[in-house]
Amino acid sequence: MTVMINNVQEKHILHSSLEDNLQKLVGYLLHAEGISSHVEISIVLVDNKYIAGLNESYRCKKEATDVLSFNLQDELPGVEKEKHDQVLGDVLISVEKAFEQAGEAKKTLEEEILFLTAHGVLHLMGYEHESPQGEEEMQRKKEYALAYLKQGRKR
């Protein structure tokens, strides 16, 4: 598994532990779904202006959003087809939005970025929240993943 993390925003300083926790979180989510370890996911931390441009281009919404996912696979790479990593997709997170939402939810910025990452990665794996059942399933999977990560940090 390869998780490429690229911080292209300059408005918020991020703690050095974030990258390690993002790696662990994505690893847990992939393992929990039985997805091959030979996948590549890109996580890009951006500002509101950058994500608003993408949101308008791809979703016709003229506003910043917190997370966008771009699945680059037609189907999940659960079975290893090749020896090199297959690109599953990209998750883009607005750190500005995450900062705002973290304050509202009384969480740290890192906790909110991890939450949004879990949400985005679940979208890459085909999960949607268009129905109450889909929303409930995504929420449960995010909570399990974040609880796993929190347990690891206590040790």
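About the cut-offs
- Each chain carries its own residue numbering, running from 1 in the written order of its sequence.
- In keeping with the predicted nature of the model, local features appear solely for residues at pLDDT of at least 70, side-chain atom pairs appear and are counted solely at 80 or more, and the whole-chain, interface and lining totals rest on all residues.
- The basis for every side-chain value is the complete set of non-hydrogen atoms in the structure, without hydrogens or water.
- By definition here, a salt bridge exists when the distance from a side-chain nitrogen of Lys or Arg to a carboxyl oxygen of Asp or Glu is within 4 Å.
- Put simply, DSSP H or I for four residues or longer makes a helix, DSSP E for two residues or longer makes a strand, and each gets a number counted from the N terminus.
- Any residue under 20% of the maximum accessible area for its type is buried, any over 50% is exposed, and the rest in between are partly exposed; the area is computed with a 1.4 Å probe on protein chains only.
- Confidence of the predictor at the level of single residues is captured by pLDDT, which takes values from 0 to 100.
- The contact rule is simple, with two residues in contact once any of their heavy atoms fall within 4.5 Å.
- Whenever two N or O atoms come within 3.5 Å, that pair is a polar contact, provided that in protein one can donate a hydrogen and the other can accept it, and provided that, for residues adjacent in sequence, both atoms are side-chain atoms.
- This arc is built from the directions going out from the helix axis to the C-beta atoms.
- Each pair of strands is called paired provided DSSP finds at least two bridges between the two strands.
- Throughout, right-handed denotes a crossover for which the path from the first strand over the helix to the second runs clockwise when the strands point away from the viewer.
- Here the nonpolar core consists of buried residues drawn from Ala, Val, Leu, Ile, Met, Phe, Trp, Tyr and Cys, with membership extended through side-chain atoms lying within 4.5 Å.

Peer 1: Just checking my understanding: could you explain the pattern of salt bridges for this structure?
Peer 2: When the charged atoms of two side chains lie near each other, side chains of opposite charge can form a pair. Taken as a whole, this structure holds 4 salt bridges when the rule is applied. Put simply, Glu96 and Lys11 hold a salt bridge, and the shortest N to O gap is 3.6 Å. In this pair, Glu96 sits in helix α3 (residues 95-105) while Lys11 sits in the loop between β1 (2-7) and α1 (17-32), placing the two residues 85 residues apart along the sequence. Two residues, Lys24 and Asp20, come together in a salt bridge whose shortest N-O distance is 3.1 Å. Linking Lys24 with Asp20, this pair stays in helix α1, spanning 4 residues, or about one helical turn. Judged by its relative accessible area of 39%, Lys24 falls in the partly exposed class.

Peer 1: What am I meant to see in the confidence of the model for the protein chain here?
Peer 2: In low-pLDDT regions, the fine details of the predicted coordinates are not to be read closely. Model confidence for the protein chain is summarised by a mean pLDDT of 90, while 90% of its residues fall at 70 or above. Mean pLDDT across the secondary structure elements of the protein chain bottoms out at helix α5 (residues 132-154), with 89, and peaks at α3, with 97. Within the model, pLDDT remains below 50 along residues 77-81, and this stretch shows 13 contacts once partners closer than five positions in the same chain are excluded.

Peer 1: Sorry if this is basic, but what is going on with the side chain of Ser94 here?
Peer 2: Relative to the helices and strands, Ser94 resides in strand β4 (residues 86-94). Note on Ser94: relative accessible area 0%, which makes it buried. Of the polar contacts made by the side chain of Ser94, one reaches the side chain of Asn48; its length is 2.5 Å. Once residues within four sequence positions are removed from consideration, Ser94 is found in contact with Val46, Asp47, Asn48, Ile51, Thr65 and Asp66.

Peer 1: I'm lost on helix α2 (residues 48-59) in this one. Help?
Peer 2: Residues that lie three or four places apart on an α-helix share one face, since the helix turns once every 3.6 residues. Looking at α2, one finds that the buried residues are Asn48, Ile51, Ala52, Leu54 and Asn55. Take α2 and look down its axis: the buried residues cluster within an arc of 165°, on one side only. Facing away from the buried surface of α2 by more than 90 degrees, the exposed residues are Lys49 and Ser57. Buried residues along α2 sit against β2 (39-46), β3 (67-71), β4 and α3. Residue Asp47 occupies the N-cap position of α2, its side-chain oxygen lying 3.3 Å from the main-chain nitrogen of Lys49. Of the residues trailing α2, Cys60 is marked for its positive phi of about 55°.

Peer 1: Sorry, what's going on with the pairing of β1 here?
Peer 2: Every regular strand shows the same layout, with side chains that alternate between the two sheet faces. Sheet topology note: the β1/β2 ladder contains 6 bridges and is parallel. Paired with Asn7 across the two strands is Leu45, which belongs to β2. In this region the chain leaves β1, passes through α1 and returns to the parallel neighbour β2; the handedness of that crossover is left-handed.

Peer 1: Explanation requested: the pairing of β2 in the structure shown.
Peer 2: Counting buried positions along β2 gives 8 out of 8 residues, so the element sits mostly inside the fold. Going residue by residue along β2, you find Val39, Ile41, Ile43 and Leu45 tucked away on one face and Glu40, Ser42, Val44 and Val46 tucked away on the opposite face as well.

Peer 1: What's the story with the nonpolar core in this structure? I'm lost.
Peer 2: For soluble globular proteins, the rule of thumb is that nonpolar side chains tend to be buried together. With 31 residues, the main nonpolar core has Leu29, Leu30, Ile41, Ile43, Ile93, Ile113 and Met125 as its most contacted residues. The element contributing the most residues to this core is helix α4 (residues 109-124), with 8 residues. Judged by nonpolar contacts, the second largest core, of 8 residues, contains Val46, Ile51, Leu54 and Leu92.

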